[in-house]
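Residues per chain, in single letters:
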Amino acid sequence: SQKIEQNSEALNIQEGKTATLTCNYTNYSPAYLQWYRQDPGRGPVFLLLIRENEKEKRKERLKVTFDTTLKQSLFHITASQPADSATYLCALRHGSGNTGKLIFGQGTTLQVKP
Amino acid sequence: DAGITQSPRHKVTETGTPVTLRCHQTENHRYMYWYRQDPGHGLRLIHYSYGVKDTDKGEVSDGYSVSRSKTEDFLLTLESATSSQTSVYFCAISESGGTSTDTQYFGPGTRLTVL
């Protein structure tokens, strides 16, 4: 069966450390993968997109990797801050054309402690 | 929240009553989506639209219908609400849809409780 999985347990780290979140998928061949941030009571907000032919993508303190052999994406936040505390969702593209859809993982909650 | 509003923001209703949620966008994006978000399930696609009067089902479409008569409005209707439809509903829009890198922009959500 097709699955996209994120660690359901919250990740607690100390301020200044690097947070690493994992997204694994099974039986999909996504053309790209996206990461979103969601704060309590609000809708998700797009952060980064990485295509299947890209190994790594960076944006400020954020870095995403995409390994199509391992079927895994890693999301890193360097020099983490308490303001980075949120739930992070990965999403992959399934299908193409008008019938293509984004499939979301359940999200991992990150708590950065001062 | 990129020009997307949802109404109502909160609603409590009784089992068996019809409910309509509205999503309104000012971005003139072609694609619109309805998701529900539940603990343990994450975001799941209910229905989506790829143009005026063009809609299709998502993975959890049973018990829901949608309509899109104008680019800016996408309505989600629960014909006869059930307790299993208690959830937070998000509308999203995207410009480019499935053929490209369809970044989705989400509304603020509607919290629906069915008693």
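(A) Local environment of the layout of surface pockets. Taken as a whole, the largest pocket spans an internal volume of roughly 560 Å³. Together, 29 residues line the largest pocket, and A:Gln38, B:Gln37, B:Val88, B:Phe90 and B:Arg111 are the ones closest to its centre. Where the lining of the largest pocket is concerned, the elements lending two or more residues are strand S11 (108-113) of chain A together with strand S4 (31-38), strand S9 (87-94) and strand S11 (110-114) of chain B. Top element by residues in the lining of the largest pocket is S11(B). It accounts for four residues. Among the residues forming the lining of the largest pocket, the class breakdown is six nonpolar, 18 polar and five charged. One number sums up the size of the second largest pocket: a volume of about 380 Å³. If you go around the second largest pocket, you meet 20 residues; those closest to its centre are A:Ile4, A:Tyr28, A:Ile103, A:Phe104 and B:Glu59.

(B) Main features of the interface of chain B and chain A. Counting from both sides, the interface comprises 28 residues of chain B and, opposite them, 22 residues of chain A. Counting across the chain B and chain A interface gives three residue pairs in polar contact (both at pLDDT 80 or more). Mapped onto the side of chain B that touches chain A, the elements with two or more residues apiece are S4, strand S5 (42-51) and strand S6 (54-57) of chain B. Here the element with the most residues in the side of chain B that touches chain A is S5(B); it accounts for five residues.

(C) Molecular detail of the sheet that holds strand S8 (residues 73-78) of chain B. All names here are of chain B. Across the sheet, four strands lie side by side as S1-S3-S8-S7; this open sheet has antiparallel pairing. Each end of this open sheet is capped by a strand with a single partner; those strands are strand S1 (4-7) and strand S7 (64-70). Between one strand and the next, the sheet's axes are offset by a mean angle of 20°, whatever the strand orientation. With six bridges connecting them, strand S3 (residues 19-25) and S8 associate as antiparallel partners. Its bridge partner being in S8, His24 is matched across the sheet by Asp73.

Parameters and conventions
Counting restarts for each chain: residues are numbered from 1 in the order of the written sequence. For naming, the first written chain is A and the first written ligand is 1, with later ones following in the order written. The model is predicted, so local features are restricted to residues of pLDDT at least 70 and side-chain atom pairs to those at 80 or more, both for listing and for counting; the totals for chains, interfaces and linings are taken over all residues. Only hydrogens and water are set aside when side-chain values are computed; all heavy atoms of the structure are taken into account. Cavities and pockets are found on a 1 Å grid laid over the protein atoms alone: a cavity is a set of points where a 1.4 Å probe fits but cannot escape, a pocket is an open set with protein on both sides within 12 Å along at least five of seven lines, and a lining residue has an atom within 4 Å of such a point. Grid points are joined across faces, edges and corners, and a volume is the space filled by probe spheres set on the points. Strands are runs of DSSP state E lasting at least two residues, helices are runs of H or I lasting at least four, and both sets are numbered from the N terminus onward. Three classes are used, and their members are as follows: Ala, Val, Leu, Ile, Met, Phe, Trp, Tyr, Cys and Pro are nonpolar, Asp, Glu, Lys and Arg are charged, and the others, Gly among them, are polar. Contacts: residue pairs with any heavy atoms within 4.5 Å of one another. Counted as a polar contact is a pair of N or O atoms within 3.5 Å, where, for protein atoms, one must be capable of donating a hydrogen and the other of accepting one, and residues adjacent in sequence contribute only when both atoms are in side chains. Any two strands between which DSSP finds at least two bridges are classified as paired. Between N-to-C directions, angles cover 0 to 180 degrees, with each direction set by a line fitted to C-alpha atoms, over the stretch in contact for helices.

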